[in-house]
Amino acid sequence: MAGASLKKLRKTYGNVIAVEGVDLEISDGELIVLLGPSGCGKSTTLRMVAGLESISSGQLLIDDRDVTKLEPKDRDIAMVFQNYALYPHKTIRANMAFGLKMRGMEAGEASRCVNEAAEMLDITHLLDRKPGQLSGGQMQRVALGRALVRDPAIFLLDEPLSNLDAKLRARMREEIALLQRRIGKAMLYVTHDQTEAMTLADRIVIMRDGQVQQIGSPLEVYDRPANAFVAGFIGSPEMNLLAAEISGGRLILGDGVSMSAPEGPNLKSVTVGIRPEALEPASEGLPFSIQGVEQLGSQTLFIGQVGNHRLRAMTGRQDNISVGDTISLKTSPSSIHLFENESGMRIRNNEE
Amino acid sequence: MTRWLLPGFLTVGAIATLVLIVGPALYAVSLSFYDIPSLTSDPVWVGLNKYAVVLSSGEFWNAMWNGIVYAGLTIILQVVLGIGFALILNQKFVGRSLLRGLTFLPYLLPTVIAVLTFKWMVDGSFGIITILMHEWGLPAVNWFETEAASMFSVILISVWLWTPFVTTTFLAGLQTVPVQLYEAARVDGAGPIRQFFHITLPMLRPILTVIVLLRGVWMFNKLDVIWLTTGGGPLGATEHLPVLSYRKAFALFDIGSGAAIATLSFLVLMIAVTLYFRAFPMEEVK
Ligand SMILES: Nc1ncnc2c1ncn2[C@@H]1O[C@H](COP(=O)(O)OP(=O)(O)O)[C@@H](O)[C@H]1O
Ligand SMILES: [Mg+2]
């Protein structure tokens, strides 16, 4: 198997553990997104794969070759940096050709590679300019192009879109996805933006405090989050997480509010997770007093109270419900997630 | 009130410049058109006569050449060594801050002290360098006696004194180069030497341009090291334009010739600086 293989990768700075044993198999052509809040160790993991950060312990294979101790240039990787890191005094053409030249590729051949990559990214007209003359979006394309010409075993990208405005970000996201499918190479992509992760990834690796929380396809982590942290991090708007007691087959939410519990668990107190989009108005159900209404066009987001719990519900467009109203909300038992109170671990229901 | 503030300050500035800079400079230039045997005697107008005499004298061209050699070699050595030290001091190692402080020390020393210390260290009978060289079986060097050795000595002292300026300026410049550029270069497969030529040097080119200009003008006009060590000798081997001008005016009491030499030196510098700006424009096209 080509691609890359991370085996118990670990990074410590003195007493600080930045990354704690990441295990991950990346197959050829797979797009893996490292996702997590700021400071969780995403960049450190990526930089260990790149060779810019030494590996404290563990093993790294790229293309079935042990590269744990090799210099970046000997690892067959290409990297896109968050701030682009283009050489300011070189033309775009020279920027893109630099890596090829350093590897001793003959000039004509290098020029052909650059032209090909430039064509693919639609930056041919920029080749003779310098980075200072480009917009942020154009620099981003050039940074991608510089990685692309190299044709490495794996592409490494560290928050490549975080400096772009929202519109451009969405467009570049689509382009990166298309590009990656087209060239069919492995890609490790770091972001803190769950939308980016959901839309791009073949598989998402969710990290927190240097530890991997869950690895799975976007829908897997959305449908069956491994713990309450993942449940809260994936999905927008955020999943509702409520404390509840289980008694007589019902989830008691307090203040006389209750709902039927999924079969299975025999715990007393749990954390209940319900996605806002899994709630809908009904003739009877949870009494929901509305405190805020956000119209998004095709959908409406309600913010309000159920008993003493704050709750968000996202429904199809509703024009006739306003602040101060009380409606009933229902959800299907299969959309209810349960988590252990202490550990936050998912409690499997009977179907899983 | 505030209406007059700006014109007021400008006027004060202009007057100060006229009185303190332009005035004396013009006065010095004007002296070159007179024959003045001493500062108290009456000047006699001689036109461009002094220039003709100076330009046709061998000692002027000798001094010009010595000045170019002295300024040129000290700049090259200062820049090369300064950059080398800056690169070393930019590495991570124990005691780095201490060493950074120490390397700046020579720059703080008064020239007189440095020169006297050097003379004392190479003293023919009890200088530490003389003794050490003798112990290691090296041939004795007459630091200020032969023509080549004298030039070597004044260059050595000057480089030792003023390299810290280049080191410190370049070291400060190094801190402004984004780390990511070096990381990108590492991924691209460039080793330390290529990183220096492809990233460090181009990024610090503006700083380097200014350093060479400032040090160049400074070294071309620098009097004290040579005056305090060789006084221009032996046989004019280290005499450059400032020493010659000084000697003419204050040792031979030919103030007109001294002023003419100073004026010519100024013109030469002005032409050199103009050419320099042509070759290395300060404002780089982005
Ligand atoms: N050079 C360093 N020295 C000490 N701690 C570091 C260093 N680099 C990163 N860290 C720590 O490692 C953790 C992970 O950092 P990082 O990988 O940059 O997070 P992320 O990219 O997910 O935001 C952070 O807590 C950070 O403070
Ligand atoms: Mg980061």
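The rules behind each value
- Residues numbered from 1 in each chain as written.
- Chains lettered and ligands numbered in written order.
- Predicted model: local features only at pLDDT ≥ 70, side-chain atom pairs only at ≥ 80, totals over all residues.
- Heavy atoms only, no water.
- Near = heavy atom within 4 Å.
- Polar contact = N/O pair within 3.5 Å; in protein donor to acceptor, adjacent residues only side chain to side chain.
- Areas by Shrake-Rupley, 256 points an atom, 1.4 Å probe, with all protein chains shown as cover.
- Helix = DSSP H or I, 4+ residues; strand = E, 2+ residues; numbered from the N terminus.
- Nonpolar A, V, L, I, M, F, W, Y, C, P; charged D, E, K, R; others polar.
- Pairing = 2+ DSSP bridges.
- Axes fitted to C-alpha atoms, helices over the stretch in contact; angles between N-to-C directions.
- Contact = heavy atoms within 4.5 Å.
- UniProt positions renumbered as here; feature names shortened; annotations may be inferred.
- 1 Å grid on protein atoms, 1.4 Å probe; cavity = no way out; pocket = protein on both sides within 12 Å on 5 of 7 lines; lining within 4 Å.
- Points joined across faces, edges and corners; volume = space filled by probe spheres on them.
- Buried area = accessible area lost by both parts, 1.4 Å probe.

Draft legend 1. Representation of the site of ligand 1 in the model. Residue and element names in this part refer to chain A. With respect to spatial proximity, the complete set of residues near ligand 1 consists of Y13, A18, P37, S38, G39, C40, G41, K42, S43 and T44. A distance of 2.6 Å separates an oxygen atom of ligand 1 from a polar backbone atom of G39. The contact in question runs from an oxygen atom of ligand 1 to an N or O atom on the side chain of S43, over 2.7 Å. In isolation ligand 1 offers 560 Å² of accessible surface; the protein chains occlude 57% of this area. No other element matches the three residues that helix α1 (residues 42-50) contributes to the shell around ligand 1. Of the residues in the shell around ligand 1, the class split is four nonpolar, five polar and one charged.

Draft legend 2. Summary view of the sheet that holds strand β7 (residues 154-158) of chain A. Residue and element names in this part refer to chain A. Strand order in the open sheet formed by six strands is β6-β7-β8-β3-β9-β10, and the pairing between neighbours is mixed. Of all the strands in the sheet, just β6 (77-80) and β10 (211-216) have a single pairing partner and so form its edges. When the angles between neighbouring strand axes are averaged without regard to direction, this sheet yields 20°. In this sheet, strand β8 (residues 186-191) lies alongside strand β3 (residues 31-35) in parallel orientation, the contact comprising five bridges. Pairing of L35 across the sheet is with T191, part of β8. Set on the sheet, α1 makes contact with β3, β6, β7, β8 and β9 (203-208); between it and β7 the angle comes to about 150°. Here helix α4 (residues 136-148) sits on the sheet and contacts β6 and β7; the angle it forms with β6, its principal contact strand, is near 175°.

Draft legend 3. Up close: the UniProt feature "transmembrane region" (unreviewed entry) in chain B. All names here are of chain B. As recorded in UniProt, the sites labelled "transmembrane region" (unreviewed entry) are residues 12-34, 68-89, 101-122, 151-174, 195-218 and 250-277. Secondary structure content for residues 68-89 is 100% helix and 0% strand, and the end C-alpha separation is 31 Å. For residues 195-218, the helix share is 96%, the strand share is 0%, and the end-to-end C-alpha distance is 31 Å.

Draft legend 4. The arrangement of the layout of surface pockets in detail. All names here are of chain B. Estimates place the volume of the largest pocket at around 740 Å³. If you trace the largest pocket, you find 20 residues lining it, with N90, Q91, V179, Y182 and Q195 closest to the centre. Secondary-structure elements contributing two or more residues to the lining of the largest pocket are α8 (179-188) and α9 (192-203). Estimates place the volume of the second largest pocket at around 490 Å³. Around the second largest pocket, the lining is made up of 22 residues, and of these A28, S245, G258, A259 and A262 lie nearest the centre.

Draft legend 5. The interface of chain A and chain B, seen in detail. Opposite the 25 residues of chain A that make contact, chain B presents 16 residues. Buried area between chain A and chain B, summed over both chains or domains, comes out near 1,900 Å², and the portion from carbon and sulfur atoms is 58%. Among the residues of chain A in contact with chain B, Y87(A), H89(A) and M102(A) are the three that bury the most area, contributing 28% of the side total. If you look at where chain A meets chain B, you find 10 residue pairs in polar contact (both at pLDDT 80 or more). The set of elements that each furnish at least two residues to the side of chain A that touches chain B consists of β6 and α2 (92-102) of chain A. Here the side of chain A that touches chain B is built from residues that sort into 12 nonpolar, six polar and seven charged.

Draft legend 6. Main features of the pairing of strand β12 (residues 250-254) of chain A. Residue and element names in this part refer to chain A. In this structure, strand β11 (residues 240-247) lies alongside β12, joined through three bridges in antiparallel fashion. Within β12, the residue paired with I246 across the bridge is L251. Where β11 folds back on β12, the antiparallel hairpin that results is connected by two residues, among which G248 adopts a positive phi of roughly 55°. As defined by bridge partners, β12 adjoins strand β13 (residues 257-260) across four bridges and the pair is classed as antiparallel. Counterpart to G254 in the pairing with β13 is V257. Here β12 folds back onto β13, and the loop between the two strands holds two residues, one of which, D255, carries a positive phi near 55°.

Draft legend 7. Main features of the UniProt feature "domain: ABC transporter" (unreviewed entry) in chain A. The residues that UniProt annotates with the feature "domain: ABC transporter" (unreviewed entry) are residues 4-234 of chain A. Taken end to end, residues 4-234 of chain A comprises 37% helix and 26% strand; its first and last C-alpha atoms sit 25 Å apart.

Draft legend 8. Expanded view of the side chain of T300(A). All names here are of chain A. Looking at where T300 falls in the secondary structure, it is placed in strand β17 (residues 299-306). Within the structure, the side chain of T300 is placed 2.7 Å from the side chain of Q295, a separation counted as a polar contact. With residues near it in sequence (within four places) discarded, T300 still touches V293, E294, Q295, A313, M314, T315, G316, R317 and Q318.

Draft legend 9. Local environment of the environment of F253(B). Residues and elements named next belong to chain B. The topology assignment puts F253 in the loop between α12 (241-251) and α13 (255-279). Remark: the alpha-carbon pair of F253 and I83, spanning 170 residues in sequence, is separated by 43 Å. Dropping the residues within four chain positions of it, F253 is found in contact with I36, P37, S38 and K248.

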